[in-house]
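# Overview (structure and organization)
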Amino acid sequence: MSFLKDIQSSIVKSQVWKSIFRVGIPTDNRKRALAMLGNVVLHLHPIKVKKSGLRMSYTWCMGGTAFFLFLVETITGLLLMFYYRPTVEYAYFDMIDLREVAAFGIMRELHRWGAHAMVIAVWLHMFRVFMTGSYKPPREFNWNVGVILLVLTLLLSFTGYLLPWDQLAIWAITVGSNMARATPMLGSEGPGAALLTLGGTKLIHVGSDARFGLIAGRTIGGGTLIRFYVLHCVAIPFVAAFLIAVHFWRVRKDGGISGPV
Amino acid sequence: MEAIRDLINFFSYPQWSFTLSLVVFGVMLWSRKLWTKKGGLLMLVAVTAFFCLSLLDPNFRQVVAKPDNVPIVMMVFIVGYFLWLSLYKAFRNDELTEAGEPTFEKSEVEDKIFTWPDLVFSEFICMVILTVVLVIWSIALQAPLEEPANPSVAPNPSKAPWYFLGLQEMLVYFDPWMAGVVLPGLIIVGLMAIPYIDTNPKGNGYFTFRERKSEIVLFLFGFLVLWCQLIVIGTFLRGPNWNFFGPYEFWDITKIEPLVNVDLSEIIWIKLLHVGLPSHWFVREIFGILLMAAYLFVLPVALSKIKFFKKYYEQMGPARFYIGISLFLVMMLLPIKMYFRWLFNLKYFIHIQEFFFNV
Ligand code: HEM
């Protein structure tokens, strides 16, 4: 054992290690605090936490799980982007290649099951936050940030569902986006849309309504694919990442994980 | 065996299973015995046994084992587990409070612990476990890939992604503008409004049931009975043409369900008054319009006078009370419409096809 200890201490004391981590393995409280402050990832955390908030049976670790899955999705998604081309000609066959030719042939699986798991994790996180009453003051705003994150998570999943460009994908998106046709005022079959006319011409019709804007055409096609691809890979993740940062910031500013006062 | 299967198929039809779930929901919240370790184990064994026995049935197996449906099976178990955990902790805390002792969380809240190493290490271990689970899951179960997209051949049934199947199931009872736009929008608005409507200062930062009964009952009703249950129905029990199929029923494409639904206007003008439908839409639909207006605008005011609600009215003030009760009534429109459909074959309360305005 003393052999291993020697190796450990020579690593920890080396110039390389110190240059990266700034402190060695913490042995006293001062160093424990410095370990948290001196590291950009760890400093998301406070130096000390309430014991009640640390318990798995309190937070269920569900917010953390949702965040971890968000990271998994980012990394696996990035790897998928190396192969996948969002065009009607290639998309489906790139899926097959991902399964049969690409190295680590489970990237798609990780990405898909991770996405399902993230949806469930976010629901459970919300469920936990509700059951501990953690949305009550001063955390009202963070609950609202959370609700938007929930919506974004669902939209991420929904836009991603189209990308394999198989029967499952386009028909699920067809069913989903058909709803937009019925948007009040803004859908061609929505209540009130007929009222929006200009000099006798209808403003809202199948070529101009909310559904048309969503799927970039009258039917699901190449335009929809590229639109959903950009939303899925760039726009929504960007907004979600920003809001997650706000969410974590507010967890800290609202006094850390909730607990009885 | 066959008889039991038929019985379960029969009682899984929405009118029965939904009613049953309401009863179960009531019993669940009323009985504390379920939310003990023993009760939890019993429920787990019962559900698992039901699930495993059902797997023997080929029709059941076929639906449950679809790759994209596997997460929903897991979700049912996971949601069940966490429901148990939260109520277990809530009732233990309530027992402590009743005995005049501090809650479990209270006894630990002053105790501050260094983040390094405790929190950092538990996060690390969580990540390792999650990674392992995800990798095993991905190796064991291939992501689905069906035939290449073909816009001219619609699969039957065509289903939205599973997390939206609750909304798709609502389409049975409401038109798309309600089920697909207004109600989901109000779910989001309602969720966001929760912290501003709920003025109960108690139960902030610990599990409890006693101190915030109505909040919890309402939330669980929405989350479990409406949201999760409709997803399960939409995923496992809706087959071709969105017809209902019991868990052991074969998804027969040729199954035909007679369309016998009638509008409120038809029931009143034709069946009760024997005069035929008036030609102007406003006169024709006047009863439905009055009914809806009464439900959404008169009922909240009437409720605020009732003793049970008066308490909340005074606590919350008029603005919070009316917003809260309106959101609640809109949520209740769904089960109400369901029962009207099952009992009277009601199609629409208000049916103004002229403007696509059907409720
Ligand atoms: C992408 C989605 C989300 C991520 C990554 C996320 C992450 C987190 C994390 C890591 C925490 C720390 C405590 C914990 O793990 O429970 C937290 C706390 C919190 N979250 Fe989320 N969250 C998400 C969505 C939501 C949603 C949907 C809601 C509610 C509708 C919500 C409301 C809150 C609130 C109020 C807190 C403070 C809880 C407390 O102090 O006890 N979050 N979130």
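This one's a predicted model, so the numbers in the text were calculated from it and none came from an experiment.

### Thoughts on the packing of aromatic side chains
One pass over the full model with this rule turns up 50 aromatic pairs over all chains. Consider the rings of Trp 60 of chain A and Phe 127 of chain A, whose centres lie 5.7 Å apart with planes at 70 degrees: the pair is edge-to-face. Within this pair, whereas Trp 60 of chain A is found in the loop between α5 (56-59) and α6 (62-81), its partner Phe 127 of chain A is found in helix α8 (residues 107-131), the two being separated by 67 residues in sequence. Comparing Trp 60 of chain A with Phe 127 of chain A shows no difference in burial state: the two are buried. Here the guanidinium or amino end of Lys 48 of chain A rests over the ring plane of Phe 114 of chain B, the centre of that ring lying 5.0 Å away.

### Quick look at the site of the ligand
Residue and element names in this part refer to chain A. Taken together, 26 residues lie near the ligand, and His 125, Arg 128, Gly 146, His 247 and Ser 258 sit nearest. At a separation of 2.8 Å, a nitrogen atom of the ligand approaches a polar side-chain atom of His 125. Of all the secondary structure elements, the ones that give two or more residues to the shell around the ligand are α6, α8, α9 (140-162) and α12 (222-253). The element best represented in the shell around the ligand is α9, accounting for seven residues.

### Observations concerning the confidence of the model for chain A
In this model, chain A carries a mean pLDDT of 92, and residues with pLDDT of at least 70 account for 100%. Across chain A, α9 of chain A holds the top mean pLDDT of 98, while strand β2 (residues 197-198) of chain A sits lowest at 83.

### Section: a nonpolar patch on the surface
Residue and element names in this part refer to chain B. A surface patch of nonpolar side chains, about 720 Å² in accessible area, is lined by Phe 124, Ile 125, Met 127, Val 128, Ile 129, Val 132, Val 133 and Ile 136. Here Met 127 shows up in helix α7 (residues 115-140). Owing to a relative accessible area of 36%, Met 127 belongs among the partly exposed residues under this scheme.

### Comments concerning the interface of chain B and chain A
Interfaces are often described in size by the accessible area the parts lose on coming together. At the interface, 92 residues of chain B touch 89 residues of chain A. Taking both partners together, chain B and chain A bury about 8500 Å²; carbon and sulfur atoms supply 73% of that area. Of all residues in chain B, Phe 114, Trp 116 and Leu 145 of chain B give up the largest surface area on contact with chain A, accounting jointly for 9% of the area buried on that side. Counting across the chain B and chain A interface gives 42 residue pairs in polar contact (both at pLDDT 80 or more). A per-element tally of the side of chain B that touches chain A places α7 of chain B first, with 16 residues. Its residues assigned to classes, the side of chain B that touches chain A comprises 61 nonpolar, 15 polar and 16 charged. Where strand β1 (residues 48-50) of chain A meets strand β1 (residues 112-114) of chain B, three bridges bridge the pair, whose relative direction is antiparallel. The residue of β1 of chain B that forms the bridge with Lys 48 of chain A is Phe 114 of chain B.

### Quick word on the coordination of the iron atom of the ligand
All names here are of chain A. Looking at the iron atom of the ligand, the protein donor atoms are His 125 (NE2) and His 247 (NE2), and they sit 2.0 to 2.1 Å from it. Given six donor atoms and angles of 85 to 179 degrees at the metal, the environment of the iron atom of the ligand is assigned as octahedral. Of this pair, His 125 sits in helix α8 while His 247 sits in helix α12, and the two are 122 residues apart along the sequence. Under the relative-accessibility criterion, His 247 is labelled buried at 13%.

### Some remarks on the pattern of salt bridges
Counted according to the given criterion, the structure contains 17 salt bridges over all chains. Here Lys 255 of chain B makes a salt bridge to Glu 257 of chain B, at a shortest N to O gap of 4.0 Å. Salt bridges sharing partners connect three or more residues here, namely Lys 136 of chain A together with Asp 198, Arg 212 and Glu 215 of chain B.

### Describing the domain arrangement of chain B
Residue and element names in this part refer to chain B. When the domains of chain B are assigned, the result is domain 1 (2-105 + 162-242) and domain 2 (264-358). The centre of domain 1, based on its C-alpha atoms, is set 27 Å off from the matching centre of domain 2. Summed over both partners, the interface of domain 1 with domain 2 comes to about 2200 Å²; 73% of that surface belongs to carbon and sulfur atoms. Linking domain 1 to domain 2 there are zero salt bridges. Going through the elements one at a time, α2 (14-30), α9 (176-197) and α10 (213-236) are the ones with two or more residues in the side of domain 1 that touches domain 2. Tallying contributions element by element places α9 first for the side of domain 1 that touches domain 2, with eight residues.

Analysis parameters
Residues numbered from 1 in each chain as written. Chains lettered and ligands numbered in written order. Predicted model: local features only at pLDDT ≥ 70, side-chain atom pairs only at ≥ 80, totals over all residues. Heavy atoms only, no water. Phe/Tyr/Trp six-rings, centres within 6.5 Å; stacked < 30°, edge-to-face > 60°. Helix = DSSP H or I, 4+ residues; strand = E, 2+ residues; numbered from the N terminus. Buried < 20%, exposed > 50% of the residue type's maximum accessible area, 1.4 Å probe, protein only. Lys NZ or Arg CZ within 6 Å of the ring centre and 35° of its normal. Near = heavy atom within 4 Å. Polar contact = N/O pair within 3.5 Å; in protein donor to acceptor, adjacent residues only side chain to side chain. pLDDT = per-residue confidence, 0-100. Patch = residues over 30% accessible without salt bridge, like charges linked within 9 Å, V, L, I, M, F, W, Y side chains within 5 Å. Areas by Shrake-Rupley, 256 points an atom, 1.4 Å probe, with all protein chains shown as cover. Salt bridge = Lys/Arg side-chain N within 4 Å of Asp/Glu carboxyl O. Contact = heavy atoms within 4.5 Å. Buried area = accessible area lost by both parts, 1.4 Å probe. Nonpolar A, V, L, I, M, F, W, Y, C, P; charged D, E, K, R; others polar. Pairing = 2+ DSSP bridges. Donors = N, O, S within 2.8 Å, 3.2 Å for Na, K, Ca; no water. Tetrahedral: all angles 85-135°; square planar, octahedral: opposite > 155°, others 65-115°. Domains from an automatic or database assignment.

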